[in-house]
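So the chains spell out like this:
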Amino acid sequence: MTFQWTAVATFLYGEIGVILVLCLPFISPLRWQKIFMFPLWSKMAVFWNKMFLTIIVLLIVLFLDAVREVRKYSSVHVNEKAANVNSSAFDHIQMKLFRSQRNLYLSGFSLFLWLVLRRTVTLLTQLAKEMASHTALETQVNDATEAAKKYMAENERLQEALSGKGDSKKKVPTDATEEKLKEEVEHLKAELQKTSNAFHKAKTEVAAVKKQSDGLRREYDHLMKEFEQLQQSLNKEEDKKDL
């Protein structure tokens, strides 16, 4: 195997290893986001797009070259077989064809897994952001609920005081006190209405975030199934080559 195809094979095995690590179930997307926020990754992010496009171009060139070699030696293989040449020349052509097919698989799977790797990292980042947003919204909803309960308790207490259901030993409030209590009740009602509106809005946002998170999870699971199928196919091809 030449240097370039050895490099492609090493790159392919590296891609498989990285994708397997990214798919570990006990590492959450939030943890991956913290890892991606390291200063080293921040510096690499500046050159990420250029590096991604450069590797894509190189893999496409190698893939097309492998396709050309396969077509070339396939036609020669058929012609030599039809011409009934000696066995050594036929075996040499067959060896060339096998190598070109191997290079085709290496470059093709490397190209595909490079795209899958980028998509997986993007999905993990988006899922981590959605999970963080979902947690923040849940905290906001809980705070709004607690505030609503507090305002409702205060409202009930003031209503009891205004209707004379309070402690009988307390003095009857004066007109000024009643007016003040009424103003407080109106203020608390307005605050309660605002809190209720905020609660319903936050609840709607949480539902939207959950729906989007479910969509991202489904797309992630779909990519994982495709990756497993490709890995199984690659293992079968490797087993055939070993035979």
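Residues numbered from 1 in each chain as written. Predicted model: local features only at pLDDT ≥ 70, side-chain atom pairs only at ≥ 80, totals over all residues. Heavy atoms only, no water.

**Side note on the confidence of the model for the protein chain**
Inference 1: Confidence in the prediction for the protein chain averages 77 pLDDT; 81% of positions are at 70 or higher.
Inference 2: Within the protein chain, helix H1 (residues 3–22) carries the highest mean pLDDT (88), whereas helix H5 (residues 175–242) carries the lowest (74). (pLDDT = per-residue confidence, 0-100. Helix = DSSP H or I, 4+ residues; strand = E, 2+ residues; numbered from the N terminus.)

**Comments concerning H1**
Inference 1: Across its 20 residues, H1 extends 28 Å between first and last C-alpha, which sits within 8% of the 28 Å expected from 1.5 Å per residue.
Inference 2: Residues of H1 that are buried: Trp5, Val8, Ala9, Leu12, Glu15, Ile16, Ile19 and Leu22. Down the axis, H1 shows its buried residues gathered within 150° of arc, on one side only. Away from its buried face, by an angle of more than 90 degrees, H1 presents the exposed residues Phe3 and Thr10. (Expected span 1.5 Å × (residues − 1). Buried < 20%, exposed > 50% of the residue type's maximum accessible area, 1.4 Å probe, protein only. Arc of directions from axis to C-beta.)

**Examining the packing of aromatic side chains**
Inference 1: Scanning all chains against the criterion turns up 2 aromatic pairs.
Inference 2: Measuring from ring centre to ring centre gives 5.7 Å for phenylalanine 52 and tryptophan 114, while their planes differ by 25°; the resulting arrangement is stacked. Of the two residues, phenylalanine 52 sits in helix H3 (residues 39–83) while tryptophan 114 sits in helix H4 (residues 87–162), which places them 62 residues apart along the sequence. Per residue, the accessibility class of phenylalanine 52 equals that of tryptophan 114, and both read buried.
Inference 3: Put simply, the rings of Phe11, Phe52 and Trp114 touch in pairs and so form one group of aromatic residues.
Inference 4: Above the plane of the ring of phenylalanine 52 lies arginine 118, whose end atom (NZ or CZ) is 4.3 Å from the centre. (Phe/Tyr/Trp six-rings, centres within 6.5 Å; stacked < 30°, edge-to-face > 60°. Lys NZ or Arg CZ within 6 Å of the ring centre and 35° of its normal.)

**Details of the nonpolar core**
Inference 1: In this structure, Leu12, Ile16, Ile19, Leu113, Trp114 and Phe227 are the most contacted members of the largest nonpolar core, which totals 31 residues.
Inference 2: Listing elements by their share of this core, those giving two or more residues are H1, H3, H4 and H5.
Inference 3: For this core, the leading source of residues is H4, giving 10 residues.
Inference 4: Excluding residues that lie within four positions of it along the chain, leucine 12 makes contacts with Leu106, Phe109, Ser110, Leu113 and Leu234.
Inference 5: Leu137, Val141, Ala202 and Val209 belong to the second-largest nonpolar core, a separate cluster that totals 5 residues. (Core = buried A, V, L, I, M, F, W, Y, C linked by side-chain atoms within 4.5 Å. Contact = heavy atoms within 4.5 Å.)

**Some points on the pattern of salt bridges**
Inference 1: Counted under the stated rule, the structure contains 2 salt bridges.
Inference 2: Put simply, glutamate 69 and arginine 68 hold a salt bridge, and the shortest N to O gap is 2.6 Å.
Inference 3: Residue classification places arginine 68 among the partly exposed positions, given a relative accessible area of 43%.
Inference 4: Linked through salt bridges whose partners overlap, the residues forming this network are Asp65, Arg68 and Glu69. (Salt bridge = Lys/Arg side-chain N within 4 Å of Asp/Glu carboxyl O.)

**Side note on the side chain of histidine 134**
Inference 1: Mapped onto the fold, histidine 134 is located in helix H4.
Inference 2: In this view, histidine 134 contacts Val206, Val209 and Lys210; residues no more than four positions away in its chain are not counted.

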